[in-house]
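# Residue-level structure breakdown
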Amino acid sequence: MLGSKGFDLWADGYDKSVNLSEEADEYPFAGYKKVLAGIYGIIKSGNGKKILDVGFGTGVLSKKLYDEKYLVYGIDFSGRMIEIAKQKMPDAVLIQHDFSQGLPPELAGETFDYIICTYAIHHLEDVQKVNTLREWMEHLTEGGKILVGDVAFETLDEMECCKVRSGEEWDEDESYPVAEVLKQEFPSLQFQKMSFCSGVFSFSG
Ligand SMILES: C[S@@+](CC[C@H](N)C(=O)[O-])C[C@H]1O[C@@H](n2cnc3c(N)ncnc32)[C@H](O)[C@@H]1O
């Protein structure tokens, strides 16, 4: 599993390597643009303006919202990712913090219309995912949503097929969200498949 130093090293080449994998329609980033566009579309169709982006990276999605006058807050543990995102979004509230430790104290009293997390929640094991999502729910405004996009699957069988198809590329260190597993804890959760290895989850508060 990559730590903050690993992401510091990846930061400058991140957008390029994601685009190569996405354009080749290969695991892990096949469907990346559809995932981000899907989340963007859900946000645009609502009225909320205050967003928390967890694991914002180079800010591909949050920068788009920032430019459209959304109020952007973000958490990331990589100093270099924060530097890159800060150049694009100087007025965003970007906090260096490890989200596996819960939300940072600076956000204790804050609520958000949308909490988004793209290609980052797979760094948490399943039990941690559930606890973290429950904590985030406490920080939603009424009618707010958590939108998670990632390498993701409807069923464990679909994940197994992807693992076989991906061969040596498959990353055993990552823990991808699976709809049939998360639905045991969040029965009303919605999942939209975006490619053979990606999708968007929507959790309502
Ligand atoms: C694969 S990148 C995704 C970036 C962006 N959300 C996107 O969709 O392109 C994962 C990001 O999550 C951050 N990250 C991973 N684990 C984290 C953790 N435990 N706490 C804070 N940030 C984390 C990394 O630094 C990196 O910026």
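Basis of the calculations
Residues numbered from 1 in each chain as written. Predicted model: local features only at pLDDT ≥ 70, side-chain atom pairs only at ≥ 80, totals over all residues. Near = placed C-beta within 6 Å. Nonpolar A, V, L, I, M, F, W, Y, C, P; charged D, E, K, R; others polar. Buried ≥ 20, exposed ≤ 12 C-beta atoms within 10 Å, placed from the backbone. Helix = DSSP H or I, 4+ residues; strand = E, 2+ residues; numbered from the N terminus. Right-handed = clockwise from strand over helix to strand, strands pointing away. Pairing = 2+ DSSP bridges. Core = buried A, V, L, I, M, F, W, Y, C linked by C-beta atoms within 7 Å. Contact = placed C-beta atoms within 7 Å.

## Focus: the site of the ligand
- Within the structure, the ligand sits among 17 residues, and Phe7, Gly55, Gly57, Ser78 and Thr118 are positioned closest to it.
- Looking at the shell around the ligand, its residues break down into 9 nonpolar, 6 polar and 2 charged.

## Let's talk about the pairing of strand β1 (residues 50-54)
- Of all 5 residues in β1, 4 are buried, a share of seventy percent or more.
- Each parallel crossover has a hand, and the one from β1 via helix α4 (residues 60-67) to strand β2 (residues 71-76) is right-handed.
- Pairing of β1 with strand β4 (residues 112-118), which is carried by 3 bridges, proceeds in the parallel orientation. Within the sheet, the bridge partner assigned to aspartate 53 lies in β4 and is isoleucine 116.

## Concerning the pairing of strand β7 (residues 198-204)
- The element β7 is largely enclosed, with a buried count of 5 among its 7 residues.
- The sheet contact formed by strand β5 (residues 140-151) and β7 spans 7 bridges and is antiparallel. Across the sheet, the residue bridging to valine 148 is phenylalanine 201, located in β7.
- Relative to β7, strand β6 (residues 190-195) is paired through 5 bridges, and the arrangement is antiparallel. Of the residues in β7, the one forming a bridge with lysine 193 is glycine 199.
- Between the antiparallel neighbours β6 and β7 lie 2 residues.

## Description of the nonpolar core
- Within the largest apolar cluster, 54 residues are counted, with the highest numbers of intra-cluster contacts made by Ile39, Ile51, Ile115, Ile116 and Ile146.
- With residues up to four places along the chain from it excluded, the contact list for isoleucine 115 reads Leu52, Val54, Trp136, His139, Leu140 and Ile146.

## Thoughts on the environment of tyrosine 32
- Position of tyrosine 32 relative to the elements: it lies in helix α3 (residues 32-45).
- Separated by 86 residues in the primary sequence, tyrosine 32 and threonine 118 have C-alpha atoms spaced 9.0 Å apart.
- Once you skip the residues sitting within four places of it in the chain, tyrosine 32 turns out to touch Val18, Glu22 and Ser198.

## Remarks on the environment of histidine 97
- Mapped onto the elements, histidine 97 comes out in the loop between β3 (93-96) and β4.
- Residue histidine 97 is classed as partly exposed on the basis of its C-beta count, with 18 C-beta atoms lying within 10 Å.
- If sequence neighbours within four positions are ignored, histidine 97 has contacts with Ile75, Phe77 and Pro104.

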